[in-house]
Amino acid sequence: MAEKTGLLESYLSCHVCSETFRDPVSLCCNHSFCSSCLQQFWEQAKNKNCPICKRKSSKDHPMVNFPLKQLADSFAGGLKVESSETEKGEERKLMVCDKHQEEPRLFCKDEERTVCPVCEFSLHQSHKVVPIEQAVSDLKQQLKSDLKFLQDKRNKYKQVEKTYNEMIQHSKKQLLSTEKQIRAEFNKLHQFLKEEEESRLAALREEEEQKGKTISTEMKKIQEQISSLSVSICAVEEDLQKHNVPFLSSYKPTQTRARVQCSLSDPQLLSGALIDVAKHLGNLSFRVWDKMRDKVHFSPVILDPNTANPRLYLSDDLTSVRRGDTRQQLPDNPERCMFYTDVFGCEGFSSGKHSWEVEVGDHPDWILGLLKESADKKQSSVSTEYGIWCLLYRCGTYTNGAGRTVTVKKSLQRVRVQLDYDRGEVSFYDPEDMSHIYTHRDTFTEKLVPFITIGETGDAKTTEIKFC
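The rules behind these values
- Residues numbered from 1 in each chain as written.
- Predicted model: local features only at pLDDT ≥ 70, side-chain atom pairs only at ≥ 80, totals over all residues.
- Heavy atoms only, no water.
- Helix = DSSP H or I, 4+ residues; strand = E, 2+ residues; numbered from the N terminus.
- Buried < 20%, exposed > 50% of the residue type's maximum accessible area, 1.4 Å probe, protein only.
- Contact = heavy atoms within 4.5 Å.
- Areas by Shrake-Rupley, 256 points an atom, 1.4 Å probe, with all protein chains shown as cover.
- Pairing = 2+ DSSP bridges.
- Axes fitted to C-alpha atoms, helices over the stretch in contact; angles between N-to-C directions.
- Expected span 1.5 Å × (residues − 1).
- Bend = angle between axes of the 7 residues up to and from the residue.
- Core = buried A, V, L, I, M, F, W, Y, C linked by side-chain atoms within 4.5 Å.
- Phe/Tyr/Trp six-rings, centres within 6.5 Å; stacked < 30°, edge-to-face > 60°.

Caption draft 1: The overall build of the protein chain, seen in detail. Helix and strand content of the protein chain: eight helices and 17 strands. Out of the 468 residues in the protein chain, the part that is buried amounts to 29%. Put simply, 57% of the contacts in the protein chain that link residues at least 6 apart link residues at least 24 apart. With the model as given, the accessible surface of the protein chain reaches about 32,300 Å², and the carbon-plus-sulfur share is 53%.

Structure follows, in structure tokens:
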């Protein structure tokens with residue numbers, strides 16, 4: 001019977017997909033195929049040949065072979081019924097003990113299998129056996145717990161996926177914004193260089209014009225002298241051509257004039273009449289760069305926008321920060337501060353001496369200083385215990401990172417932060433008179449990163465705090 005079924009299945013199988021015919025069509029060569037399989041084969045082969053014998057078909061769209069279709073559909077339906085009955089039989093087998101032909105009513109926890117009452121007394125007396133209903137209830141409860149864990153795990157993955165999508169969108173915005181700012185900065189530099197170029201070319205032309213005027217003036221004097229000398233030479237030459245008496249009567253004035261002109265000093269070329277090329281070209285790039293330094297500014301601390309709390313708004317040059325009234329739509333990337341309204345510097349320090357000033361004005365609520373790179377930037381408390389060394393100002397009172405009040409001579413408009421990493425010192429000063437506020441001493445073992453926290457602005461005039 002199995003052999004007959006296999007033969008029939010072979011006869012009713014498509015030679016392209018190897019499955020039972022679906023809407024079979026027959027070619028003039030009597031080979032049959034699924035209609036969709038034949039069309040797909042023809043599209044790929046770019047011809048209308050039979051996939052088996054390669055004979056060219058006379059029809060572009062062969063008609064469905066309905067007798068063959070009915071036979072194939074009946075055969076496929078019979079296979080489904082047979083498969084369903086087989087599954088039911090297997091299920092009935094599971095409902096009966098394969099050794100004693102008894103219905104299982106118990107569950108052995110030691111072997112994790114169902115057992116019938118006979119098995120329980122003969123093989124599982126020393127095992128932990130419970131009623132099957134209790135086992136099912138306990139296992140379903142465990143499975144529900146596993147399901148809850150899986151759902152929570154999936155939600156976490158979905159949240160990470162969502163954050164990544166937000167980061168992708170934010171990165172595109174960052175690209176456009178950063179490109180725009182880079183172009184703006186270079187346009188400023190290009191404009192400066194263009195103006196500097198025009199200025200230096202104008203100075204070159206002005207010098208050439210002045211030197212030209214000077215040389216022209218001297219040339220005019222030289223030409224006048226040449227003309228005068230030429231007249232005297234002609235007069236002398238004429239007198240020399242005269243005979244005795246006429247010569248004696250006219251030579252004296254000619255001789256006097258000639259001797260006066262002979263006593264004149266020889267003409268001298270003016271020094272510095274040429275363009276001072278060295279002045280215009282010497283160290284040109286350096287002198288332009290040196291002048292450019294007055295147009296550009298360096299800040300020892302650059303704020304990292306990827307760490308800024310969504311309520312903080314940074315300036316284009318990343319040296320100033322203010323607190324806004326609304327939260328920005330920013331991704332919750334690992335570096336971002338979400339608990340406090342913080343922002344961190346983009347670079348840290350692991351050796352040497354460093355200092356910078358922060359312009360706080362009359363802002364009523366701020367914290368500034370340094371923290372160790374490994375500190376929990378998401379939720380860390382402001383304390384030296386957590387590796388945070390800072391100066392706090394709130395409600396008119398200044399306190400240090402240890403929570404102690406510090407005294408200042410007058411309200412601070414600026415604060416100077418000074419780090420001596422190798423000596424383990426973080427100090428704060430009033431830069432107006434460099435009066436010392438306080439110094440915290442510790443042993444630093446990792447990179448320290450500048451940071452600032454900003455509270456509500458209130459009615460203060462200073463809304464933006466700037467690193468100078």
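On we go from here.
Caption draft 2: Spotlight on the sheet that holds strand 16 (residues 448-454). Reading across from one edge, 8-16-10-11-12 is the order of the five strands in this open sheet, with antiparallel pairing throughout. Of all strands in the sheet, those bounded by a partner on one side alone are strand 8 (342-344) and strand 12 (397-400). Within the sheet, the average angular offset between the axes of one strand and its neighbour, ignoring direction, is 15°. Bridge analysis of strand 10 (residues 365-372) against strand 11 (residues 388-394) gives seven bridges, and the strand direction is antiparallel. Counted as the bridge partner of Trp 366 is Tyr 393 from strand 11.

Caption draft 3: Structural view of helix 6 (residues 244-262). Compared with an ideal rise of 1.5 Å per residue, which puts 19 residues at 27 Å, helix 6 spans 25 Å between its outermost C-alpha atoms and is within 8% of the ideal. The largest bend along helix 6 reaches roughly 45° and is located at Tyr 251, with the proline Pro 253 sitting one to four residues downstream. Residues of helix 6 that are buried: Ser 250, Thr 254, Ala 258 and Gln 261. Residues of helix 6 that are buried in the fold lie against helix 5 (132-240).

Caption draft 4: Quick look at the sheet that holds strand 7 (residues 320-323). Across the sheet, seven strands lie side by side as 6-7-17-9-13-14-15; this open sheet has antiparallel pairing. Pairing within the sheet leaves two strands with one partner each, and these edge strands are strand 6 (312-314) and strand 15 (435-441). Within this sheet the neighbouring strands show an average axis-to-axis angle of 20°, counted without direction. Alignment of strand 6 against strand 7, held across three bridges, turns out to be antiparallel. When the bridges of strand 7 are listed, Leu 314 appears paired with Val 321.

Caption draft 5: Molecular detail of unusual backbone geometry. A positive phi angle, close to 65°, is found at Ser 18, a residue other than glycine. Examined against the element boundaries, Ser 18 turns out to sit in the loop between helix 1 (2-11) and strand 1 (24-26). The class for Ser 18 is exposed, based on a relative accessible area of 59%. A positive phi angle, close to 75°, is found at Asn 30, a residue other than glycine. By secondary structure assignment, the location of Asn 30 is in the loop between strand 1 and strand 2 (32-34). Looking at Asn 30, the relative accessible area reads 67%, which means it is exposed.

Caption draft 6: Examining the nonpolar core more closely. Trp 366, Leu 368, Leu 391, Phe 428 and Ile 452 are the most contacted members of the largest nonpolar core, which totals 33 residues. Among the elements of the structure, strand 9 (353-359), strand 10, strand 11, strand 13 (414-420), strand 14 (425-430), strand 15, strand 16 and strand 17 (464-467) are those that each provide at least two residues to this core.

Caption draft 7: Seen up close, the pairing of strand 15. Counting buried positions along strand 15 yields five of seven residues, so the element is predominantly enclosed. If you look at the hairpin formed by strand 14 and strand 15, you'll find four residues sitting between the two strands, and Met 434 has a positive phi there, around 55°.

Caption draft 8: Looking closely at the packing of aromatic side chains. Across all of its chains, the model carries 11 aromatic pairs by this definition. Taking 5.3 Å as the distance between ring centres and 20° as the angle between the ring planes, the aromatic pair formed by Phe 247 and Tyr 251 counts as stacked. Here Phe 247 and its partner Tyr 251 are both found in helix 6, four residues apart, which amounts to about one turn of the helix. Relative accessible area serves as the criterion here: at 26%, Phe 247 is assigned to the partly exposed category. Classification of Tyr 251 as partly exposed rests on a relative accessible area of 27%. The interplanar angle of 90° and the centroid separation of 4.9 Å between the aromatic rings of Phe 339 and Tyr 340 together place this pair among those described as edge-to-face. Note on Tyr 340: relative accessible area 28%, which makes it partly exposed. Joined through ring pairs, the aromatic side chains of Trp 366, Tyr 393 and Tyr 398 make up one cluster.

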